[in-house]
Amino acid sequence: QVQLVESGGGLVQAGGSLRLSCAASGSIFSINTMGWYRQAPGNQRELVAVITSGGITNYADSVKGRFTVSRDNAKNTVYLQMNSLKPEDTAVYYCNAYAKVARYDLLTSYWGQGTQVTVSS
């Protein structure tokens with residue numbers, strides 16, 4: 001019922017920047033927290049950054065000061081501005097959103113398809 005479409009991944013050199021976007025669409029009643037997770041080969045998926053509907057953010061220690069998560073509630077879109085990228089940031093980045101499709105539904109977690117971010121040294 002809710003689809004998350006990501007864009008903005010790619011290949012950059014260390015020290016460069018990328019901006020990821022994720023737009024939610026479908027039969028959406030409301031969206032609560034949105035965020036980004038990543039998974040590198042051989043690693044577990046980890047939280048990168050999350051943002052509540054009110055704009056409260058939380059970041060992994062490894063990206064604090066370099067990444068910024070933001071959202072446009074009118075567009076149901078979350079962004080991840082990634083600056084000063086490091087090779088260790090290389091991973092598949094997944095968009096996540098907790099949403100309802102109706103007033104009395106429980107919040108349900110939805111995931112995007114993932115987008116590859118590769119940082120070369």
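Residues numbered from 1 in each chain as written. Predicted model: local features only at pLDDT ≥ 70, side-chain atom pairs only at ≥ 80, totals over all residues. Heavy atoms only, no water.

**Description of the state of the cysteines**
Move 1: Inspection of the entire model under this criterion finds one disulfide.
Move 2: The disulfide bridge from cysteine 22 ends at cysteine 95, spanning 2.0 Å between sulfur atoms. Every disulfide takes its handedness from the sign of the S-S torsion; for cysteine 22 and cysteine 95 that torsion is -85°, giving left-handed. One end of the pair, cysteine 22, is in strand β3 (residues 18–26); the other, cysteine 95, is in strand β9 (residues 91–100), and 73 residues separate them in sequence. Both residues of the pair, cysteine 22 and cysteine 95, belong to the buried class. (Disulfide = S-S within 2.5 Å. Helix = DSSP H or I, 4+ residues; strand = E, 2+ residues; numbered from the N terminus. Buried < 20%, exposed > 50% of the residue type's maximum accessible area, 1.4 Å probe, protein only.)

**Brief notes about the sheet that holds strand β7 (residues 67–72)**
Move 1: If you trace the four strands from one edge of the open sheet to the other, you get β1-β3-β8-β7, paired in antiparallel fashion. Every other strand in the sheet has two partners, leaving β1 (2–7) and β7 as the edge strands with one partner each. The average undirected angle you get between the axes of adjacent strands in this sheet is 15°.
Move 2: Note that β3 and strand β8 (residues 77–82) share six bridges and pair antiparallel. (Pairing = 2+ DSSP bridges. Axes fitted to C-alpha atoms, helices over the stretch in contact; angles between N-to-C directions.)

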